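Results of the structural survey
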Amino acid sequence: DAGITQSPRYKITETGRQVTLMCHQTWSHSYMFWYRQDLGHGLRLIYYSAAADITDKGEVPDGYVVSRSKTENFPLTLESATRSQTSVYFCASSEAQLSYNSPLHFGNGTRLTVT
Amino acid sequence: ILNVEQSPQSLHVQEGDSTNFTCSFPSSNFYALHWYRWETAKSPEALFVMTLNGDEKKKGRISATLNTKEGYSYLYIKGSQPEDSATYLCASLGGGSNYKLTFGKGTLLTVNP
């Protein structure tokens, strides 16, 4: 089935380690997004991408790096993980610009714990 | 950064009750308002995307209205069922960006059988 998948579902890592969260979608959607979900906050945008090789910062980009060499993949890398990056991370995609009646389609999330 | 507020934070209703929630957002430079339904242990699923003032959208027993001039949207659930139990998120797109949705913290609905 077509869809958007994230891996891993759960990850425990140590402070200072590099970790990459994977996101893959089979719809050929142009737009992809990374959000984090923390208690007391709404979903917050980390990075987004409008197309392959086009990425831009969201609300909370510090400590994260993204790439989009292929339309279907949008990995999120924590270069040197910190405890404050313990969170649930959601990848999402959309077919068109979000202002064009185009909703987000979310992956199942990755729960990351930084010890 | 836009400020999107949802109320109430949580709500308990009995099966069969009708209910509604509010989402308020900045009315200036408004592009779109999204509603999502988020069940526990799942990922958010889109309900509606609304762009025009006065828009009303309906999906089964769930409907939503939009007032862009005053900056609010209502989500209505008619005849709530236990399977409607979820967190309902709204998100506003505006402020000059076509990509940066700002989410509210959600309304947690629990429907008791």
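Throughout what follows, the structure given in this document is the object of discussion. (Residues numbered from 1 in each chain as written. Chains lettered and ligands numbered in written order. Predicted model: local features only at pLDDT ≥ 70, side-chain atom pairs only at ≥ 80, totals over all residues. Heavy atoms only, no water.)

Some remarks on the overall build of chain B
Definition in use: In this description a helix means any DSSP run of H or I spanning at least four residues, a strand means any run of E spanning at least two, and both kinds are numbered starting from the N terminus. For a compact globule the rule gives 2.2 Å times the number of residues to the power 0.38, and the radius of gyration it is set against comes from C-alpha atoms. Each residue is placed in one exposure class: buried if its accessible area under a 1.4 Å probe, protein chains only, is under 20% of its type's maximum, exposed if it is over 50%, and partly exposed if it falls in between. Residue contacts follow a heavy-atom distance rule, with two residues in contact if any of their heavy atoms lie within 4.5 Å. When charges are tallied, Lys and Arg are placed among the positive residues and Asp and Glu among the negative ones, while His and the ends of the chain are skipped. To locate a charge, take atom NZ for lysine, CZ for arginine, CG for aspartate or CD for glutamate.
Secondary structure summary: chain B contains zero helices and 11 strands in total. Helices (α) and strands (β) of chain B occur, in sequence order from the N terminus, as β-β-β-β-β-β-β-β-β-β-β. Relative to the 2.2 N^0.38 estimate, which gives 13 Å for 113 residues, the radius of gyration of chain B is 14 Å and therefore close to what a compact globule would have. When the backbone C-alpha atoms are referred to their principal axes, chain B occupies close to 45 × 30 × 20 Å. Here chain B, with 113 residues, has 50% of them falling under the buried criterion. Long-range pairs, those at least 24 residues apart, make up 54% of the contacts in chain B between residues at least 6 apart in sequence. Side chains of chain B give 10 positive and 10 negative charges; the mean places of these two sets differ by 6 Å.

Here we look at the interface of chain B and chain A
What counts, and what does not: Summed over both partners, the accessible area lost on bringing two parts together, with a 1.4 Å probe, is the buried area. Here the nonpolar group is Ala, Val, Leu, Ile, Met, Phe, Trp, Tyr, Cys and Pro; Asp, Glu, Lys and Arg are the charged ones; every other residue, Gly included, is treated as polar.
Residue-level contacts link 22 residues of chain B with 25 residues of chain A. Taken together, the two surfaces of chain B and chain A that pack against each other cover about 1,900 Å², and 64% of this comes from carbon and sulfur. It is strand β4 (residues 30–38) of chain B that contributes the most residues to the side of chain B that touches chain A, five residues altogether. When the residues that make up the side of chain B that touches chain A are grouped by side-chain class, the tally is 14 nonpolar, five polar and three charged.

Description of the sheet that holds strand β6 (residues 56–59) of chain B
Residues and elements named next belong to chain B. The condition is simple: Any two strands are treated as partners once DSSP identifies two or more bridges connecting them. Where helices are involved, their axes are fitted lines through C-alpha atoms of the stretch in contact, as for all axes, and angles between N-to-C directions lie from 0 to 180°.
Pairing is antiparallel across the open sheet formed by five strands, whose spatial order is β1-β3-β8-β7-β6. Since the sheet does not close on itself, it has two edges, and those belong to β1 (5–7) and β6, each with one partner. Adjacent strand axes in the sheet meet at a mean angle of 15 degrees, parallel and antiparallel pairs treated alike. Here β1 runs beside strand β3 (residues 19–24); their pairing, made up of three bridges, is antiparallel. Bridge pairing in β3 places Glu5 opposite Ser24.

With respect to the nonpolar core
What counts here: Definition used in this section: a nonpolar core is a set of buried Ala, Val, Leu, Ile, Met, Phe, Trp, Tyr and Cys residues joined via side-chain atoms within 4.5 Å.
Counting residues in hydrophobic clusters, the biggest one holds 23 residues, and the most contacted among them are Phe33, Tyr35, Leu43, Leu104 and Phe106 of chain A together with Leu101 and Phe103 of chain B. Taken together, the elements giving at least two residues each to this core come down to β4 (31–37), β5 (44–51) and β9 (87–94) of chain A together with β4, β9 (86–94) and β10 (101–103) of chain B. Aside from chain neighbours lying at most four places away, what touches Leu43 of chain A is Tyr35, Arg36, Gln37, Phe90 and Phe106 of chain A together with Trp38, Pro44, Leu89 and Phe103 of chain B. One finds Met50, Leu66, Ala86 and Leu109 of chain B within the second-largest nonpolar core, a separate group that totals 22 residues.

Remarks on the pairing of β9 of chain B
Residue and element names in this part refer to chain B. In terms of burial, β9 is largely enclosed, as nine of its nine residues are buried. Of the two faces of β9, the one carrying Ala86, Tyr88, Cys90, Ser92 and Gly94 and the one carrying Thr87, Leu89, Ala91 and Leu93 are both buried. In terms of strand pairing, β4 meets β9 through eight bridges, oriented antiparallel. Bridge pairing links Arg37 to Tyr88 in β9. Pairing between β9 and strand β11 (residues 107–112): three bridges, direction antiparallel. If you follow Thr87 over to β11, its bridge partner there is Leu108. Sheet topology places β9 next to β10; three bridges connect them, and they run antiparallel. Along β10, the bridge assignment pairs Ser92 with Thr102. Counting the residues between successive antiparallel strands, the hairpin from β9 to β10 contains six residues, one of them, Gly95, with a positive phi of roughly 65 degrees.

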